[in-house]
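Each chain is listed here by its residues.
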2 protein chains.
Amino acid sequence: MNFQQFERIFKPRSIAVVGASSNPSKMGTMFLMALHTVGFPALYPVNPHEREILGLKAYPSVRDIPEEVDYALISVPADKVAAVVEDCVSKGVNAVAIYTSGFSEFNDEGREKEKTLVKIADGKVRILGPNCLGAFCLQSKLNLALGSVEEGEVSFISQSGGNVETVANLARKMGVGFSKVVSYGNACDLNGTDFIEYFGEDPETKIIIMYVEGVKDGKRFVEVTAKVSKTKPVIILRGGTTQGGSKAAASHTGSLCGSNDIWNAVFKQTGAIEASSVEELLATASAFTHIPKLNGKNVGMVGIGGGAGVMAVDECEKSGLSLPTFSPETIDKLGEIVPPIGTSIKNPIDLSSYAQFNPPLFGKAVEIVSKDSIIDGLILLYHNMSYIPGLLQEIERTTLDKDLSKPAIAVLEPAIEIEEIKEGHLRVGVPVYNNLAHAAKALCNVATYCERVKFLKKHAI
Amino acid sequence: MNFQQFERIFKPRSIAVVGASSNPSKMGTMFLMALHTVGFPALYPVNPHEREILGLKAYPSVRDIPEEVDYALISVPADKVAAVVEDCVSKGVNAVAIYTSGFSEFNDEGREKEKTLVKIADGKVRILGPNCLGAFCLQSKLNLALGSVEEGEVSFISQSGGNVETVANLARKMGVGFSKVVSYGNACDLNGTDFIEYFGEDPETKIIIMYVEGVKDGKRFVEVTAKVSKTKPVIILRGGTTQGGSKAAASHTGSLCGSNDIWNAVFKQTGAIEASSVEELLATASAFTHIPKLNGKNVGMVGIGGGAGVMAVDECEKSGLSLPTFSPETIDKLGEIVPPIGTSIKNPIDLSSYAQFNPPLFGKAVEIVSKDSIIDGLILLYHNMSYIPGLLQEIERTTLDKDLSKPAIAVLEPAIEIEEIKEGHLRVGVPVYNNLAHAAKALCNVATYCERVKFLKKHAI
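Residues numbered from 1 in each chain as written. Chains lettered and ligands numbered in written order. Predicted model: local features only at pLDDT ≥ 70, side-chain atom pairs only at ≥ 80, totals over all residues. Heavy atoms only, no water.

**Some words on the interface of chain B and chain A**
Interface size is often expressed as the accessible area that is lost when the parts come together. Going by this rule: Whether two residues are in contact is decided by their heavy atoms, any of which lying within 4.5 Å being enough. Two parts placed together each lose some accessible area; with a 1.4 Å probe, that loss summed over both constitutes the buried area. Salt bridge, as applied in this entry: a Lys or Arg side-chain nitrogen positioned within 4 Å of an Asp or Glu carboxyl oxygen. Under the rule applied, a polar contact is a pair of N or O atoms within 3.5 Å (in protein, one hydrogen donor and one hydrogen acceptor; residues adjacent in sequence only if both atoms are side-chain atoms). Numbering of helices and strands starts at the N terminus; helices are DSSP runs of H or I of at least 4 residues and strands are runs of E of at least 2. For this scheme, ten residues count as nonpolar: Ala, Val, Leu, Ile, Met, Phe, Trp, Tyr, Cys and Pro. Four count as charged, namely Asp, Glu, Lys and Arg, and the remainder, Gly too, count as polar.
With 57 residues of chain B in contact, the opposing surface of chain A contributes 57 residues. Here chain B meets chain A over a buried area of about 3,800 Å², counting both sides, of which 56% is carbon and sulfur. When the buried area of chain B at its contact with chain A is split by residue, B:Val310, B:Met311 and B:Asp314 rank highest and sum to 14% of it. Applying the counting criterion to the chain B and chain A interface returns zero salt bridges. For the pair chain B and chain A, the number of links is 18 residue pairs in polar contact (both at pLDDT 80 or more). Counting residues per element, the ones that place at least two in the side of chain B that touches chain A are α5 (161-171), β12 (234-238), α8 (243-253) and α11 (306-319) of chain B. At 10 residues, the largest contribution of residues to the side of chain B that touches chain A is made by α11(B). Here the residues of the side of chain B that touches chain A sort into 20 nonpolar, 26 polar and 11 charged.

Here's what the structure looks like:
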């Protein structure tokens, strides 16, 4: 991998948009508009039939652009792509992203067309796609309709363009910000492994998440992922985990998905973390963002409600977390402040309606539990609390001012968005989730990763 | 079971609220207020220290109430409950719900106290609880703070009072309406099985859902559930499926949860349906409400987006549904209307951005698929559509006017609430879900149930 070449994919100084036109419903035009709107500086629309698009001078071909071109977005019919790539080689373009589909995901003829593209590019121009959206980077304003995404330290590698949209749309409310995103589609040249390797070295990326349908270079994928996983968490969501899903993936990106057995071995060997849904992927990214270190899987839980607590423990244990028995000192201290009847001071703590009438009780219980040496992390279970006006705010105020000693997450169920609660918690490093199953899995993933990294260091692996 | 006695629990002509007071933060007062607010006709507050509460005459004891009392809500300290039950026996009260906790869920002494209550009641007064909220019925205005719950044909049996609130709060947005709800807590007298039996006979109940931590009368539970399941779906969410959860359940309702192996056998033998979360419980209730009959598990899916489709198939197959290959005629007809490149007309159908620019394409594809004899049901996958203004509305308008021939559900992801879309779909019998995993599981549950009922009928079991 040439680090500079990859760096320039995400931070191009200039971009040609081939296939932009005066028709606003064409993808090329949408790309141009998105880049123009955020103020990307050097934009060159390419279209032989237009002289100006969105007020920008249009060029008949990439060759005709008078300035240097680092990156080209190609959205022209499939049989015209090869000629554009040829132009890009002549022009000395660093990389192209081909949006056009109708290649290996479509039929054998398309597969041959892809091979031709790779031959023409000859390693001089690197290809993203075809059948992809290409690269995104907020810092460089290479922002293709990522909506309200925030900057952060997560980078996302997606074989699917649509899933970039899905992830982008959910990320903000899950407390995840992005450094870079790439949709790489059919991967005729650059593939997922290349981007894992690059993000592994990229100092702006601390956490790598991935949506993948198929891997073509199994051996290299395992080597690179294992190496990168030692210093940065790599969280992978697979598409095509079932027979039907894997058939659908073949039509989608022309991928062979690989069996679950093989993948299980890959996860074990590389230390990459598996997520089973987009929500779990983002919850885990959020946990790594806000809780970079967790010493173990023993959690203490504080909440209101017995049935809610029972189901919460079930979810925690299913995800791999444990709720150990508190020390006798902890039990004693809790017994001094929590009334005995209708409550529980075992783990999980159920403060019942007492915390409704005395919200500071919540924070006091949390503080006591956080001091117990058996506890590695805390879960604040805000179950049904949003129905009592002001209760959550009061519990937040009287809990987050405590020294919690241990990493903590909060779970706000049912799933509602209370922006100021989420922000207030994030300010003190407590991510808020709307689904306990995802939250517990995310926390467990952080613990597993930390444990592995510690083990590898200890044994100098 | 005496049907009339149970009927009167849910449709009492008069209620005594023992422990109501002028203190608005006491549960007794809250019960009284809730019933008073919805206009329950014959309400009798009982409190020896007050003469009037909320403008209603208060009585020193249940015995002093001059009119007949069908139902008493008891919220007094644990050591005073027995005397109140004695009063209720003298007065000839039909049933009492004991909110007070501190009984078998608390310690051995509490367990003895419970036994005393049963002895005093002597089968003349039936007991709900202790440690419960008792009965709810919208039709009879026995509505204890169920919020914005709608009337419907689902009845809910819950061992946890808090989960009544959780379910009630989620039900409306999931298209579920209730006939009756009961929280039965420690179940010292009436237990979950009694209510399954009653709802099995109740003509106003068509679907039974349950949250249970432990069952005391295993043999009778199996017999009753198997019998009721023949005519009404019984959907059960268990609390305490893990070791930790089961320990928490012991402190919560004093329950022994039973092993997963035993429960698996129970589900198989009785035909009851297992739900693994509150969301899955309600999604299944919603599916049975709107799709009473489904001939099999073969679904056809229509959507926009390749990666979304791949993951959707994975979820469907994990839940037990299949996405079979369409017939050659279906493929031909789809091929006539769906452009070939960047799309898929295999199952699932990915209309890609073509449906964005030509929304009626969606309904046309759905109609073609619905006519394929291999397809039992349809899933309309509205993935990321809400980001394009008016698109969903246009697809709704041009899809729901078609003769869909087969039962259909819609999945609107990411999870957003668009009230008019949900209502528009429900009007033509298409429930809308915000989570594909729950939706697929719910649809599969309906198919499994219908298949079993057909089998039992065929073999006259």
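**Re the relation of the copies chain B and chain A**
We count it as follows: A least-squares fit on C-alpha atoms brings the copies together, and the residues used are those whose pLDDT is at least 70 in both copies.
For the match of chain B to chain A, the screw axis carries a shift of 0.0 Å, the RMSD comes to 0.0 Å, and the turn is 180°. Within this description, the copies of the chain are treated as partners about a two-fold rotation axis. By C-alpha distance to the rotation axis, the residue of chain B lying nearest is B:Ala415, at 4.8 Å. With an isologous cut-off of 70% or more, the 100% of interface residues of chain B that recur at the interface of chain A puts this contact in the isologous class.

**Notes on the packing of aromatic side chains**
Both the distance between ring centres and the angle between the ring planes are used here to describe each pair of aromatic rings. We apply this condition: Between 30 and 60 degrees the pair is tilted, below 30 it is stacked and above 60 it is edge-to-face, where a pair is any two Phe, Tyr or Trp rings, Trp via its six-membered ring, whose centres lie within 6.5 Å. Exposed residues in this analysis have more than 50% of their type's maximum accessible area, buried residues have under 20%, and partly exposed residues fall in between, with area computed by a 1.4 Å probe over protein chains only.
The tally for this structure, following the rule as stated, stands at 26 aromatic pairs over all chains. With 5.6 Å between their ring centres and 25° between their planes, B:Phe6 and B:Tyr198 make a pair best called stacked. Pair noted here: B:Phe6 is in helix α1 (residues 3-10) and B:Tyr198 is in helix α6 (residues 192-201), with a separation of 192 residues, a long-range link. Assessed through its relative accessible area of 3%, B:Phe6 is described here as buried. Exposure remark for B:Tyr198: the relative accessible area of 0% places this residue in the buried category. Each residue in the set A:Phe3, A:Phe6, A:Phe10, A:Phe195, A:Tyr198 and A:Phe199 is aromatic and connected to the rest through ring pairs, giving one cluster.

**Structural notes on the state of the cysteines**
Here is the idea: a disulfide is a covalent bond, and it sits between the sulfur atoms of two cysteines. To keep things clear, this is the line we draw: Cysteine sulfur atoms that pair up within 2.5 Å are treated as a disulfide.
Counted under the stated rule, the structure contains zero disulfides over all chains. Considering cysteine sulfurs only, A:Cys444 is the nearest to A:Cys316, which forms no disulfide, with 9.4 Å between them.

**What to know about the sheet that holds strand β2 (residues 43-46) of chain A**
Residues and elements named next belong to chain A. The condition is simple: Paired strands, in this sense, are two strands between which DSSP finds at least two bridges. Every axis corresponds to a line fitted to the C-alpha atoms, with the helix fit spanning only the stretch in contact, and the corresponding angles, defined between N-to-C directions, vary from 0 to 180 degrees.
Read across the open sheet, the five strands follow the order β2-β1-β5-β6-β7; overall the sheet is parallel. Two strands in the sheet have a free side with no partner beyond their single neighbour: β2 and β7 (126-128). For this sheet the average axis-to-axis angle between neighbouring strands, irrespective of direction, equals 20°. As paired elements, strand β5 (residues 71-74) and strand β6 (residues 95-98) share four bridges and run parallel to each other.

**Some points on unusual backbone geometry**
Here the amide bond leading from A:Asn347 into A:Pro348 is cis, since omega sits at 10°, within 30 degrees of zero. Looking at the secondary structure, you find A:Pro348 in the loop between α12 (328-337) and β15 (349-350). The omega angle of the peptide bond from B:Gly129 to B:Pro130 is 0°, so this bond is cis rather than trans. With respect to the element layout, B:Pro130 can be found in the loop between β7 (126-128) and β8 (134-137). A positive phi is found at B:Asp122, a non-glycine position, where the angle reads about 55°. In this fold, B:Asp122 is placed in the loop between α4 (108-121) and β7.

**So, helix α15 (residues 391-399) of chain A**
Each full turn of the α-helix corresponds to 3.6 residues, which orients residues three or four apart in the same direction. For α15(A), every residue scored as buried is listed here: A:Leu391, A:Leu392, A:Ile395, A:Glu396, A:Thr398 and A:Thr399. Where α15(A) is buried, its residues meet α13 (354-357), α14 (360-370), β16 (377-383), β17 (408-413) and α16 (419-427) of chain A.

**Looking at the environment of B:His36**
Residues and elements named next belong to chain B. Structurally, His36 can be placed in helix α2 (residues 27-37). Given the relative accessible area of 36%, His36 is considered partly exposed. Each C-alpha atom of the pair His36 and Gly152 lies 23 Å from the other, and the pair is 116 residues apart in sequence. Ignoring any residue separated from it by four or fewer positions in sequence, one finds His36 in contact with Leu43, Leu54 and Leu56.

**With respect to the confidence of the model for chain A**
What counts is decided by this rule: Along the chain, pLDDT gives the predictor's confidence residue by residue, from 0 to 100.
Averaged over every residue, the pLDDT of chain A is 92; the share at 70 or more is 99%. This complex was scored by the predictor with a pTM of 0.91 and an ipTM of 0.87.

**Section: the pattern of salt bridges**
Per the stated rule, a full pass over the model turns up 36 salt bridges over all chains. Between B:Arg13 and B:Asp70 there is a salt bridge, with the nearest N and O atoms lying 2.8 Å from each other. Within this pair, whereas B:Arg13 is found in the loop between α1 and β1 (15-18), its partner B:Asp70 is found in the loop between β4 (56-57) and β5 (71-74), the two being separated by 57 residues in sequence. Here B:Arg13 falls in the partly exposed class, since its relative accessible area comes to 48%. Two residues, B:Glu274 and B:Arg238, come together in a salt bridge whose shortest N-O distance is 4.0 Å. In this pair, B:Glu274 sits in strand β13 (residues 273-275) while B:Arg238 sits in strand β12, placing the two residues 36 residues apart along the sequence. Judged by relative accessible area, B:Arg238 falls into the buried class, the value being 5%. The network of salt bridges with shared partners includes A:Arg8, A:Arg13, A:Glu68 and A:Asp70.

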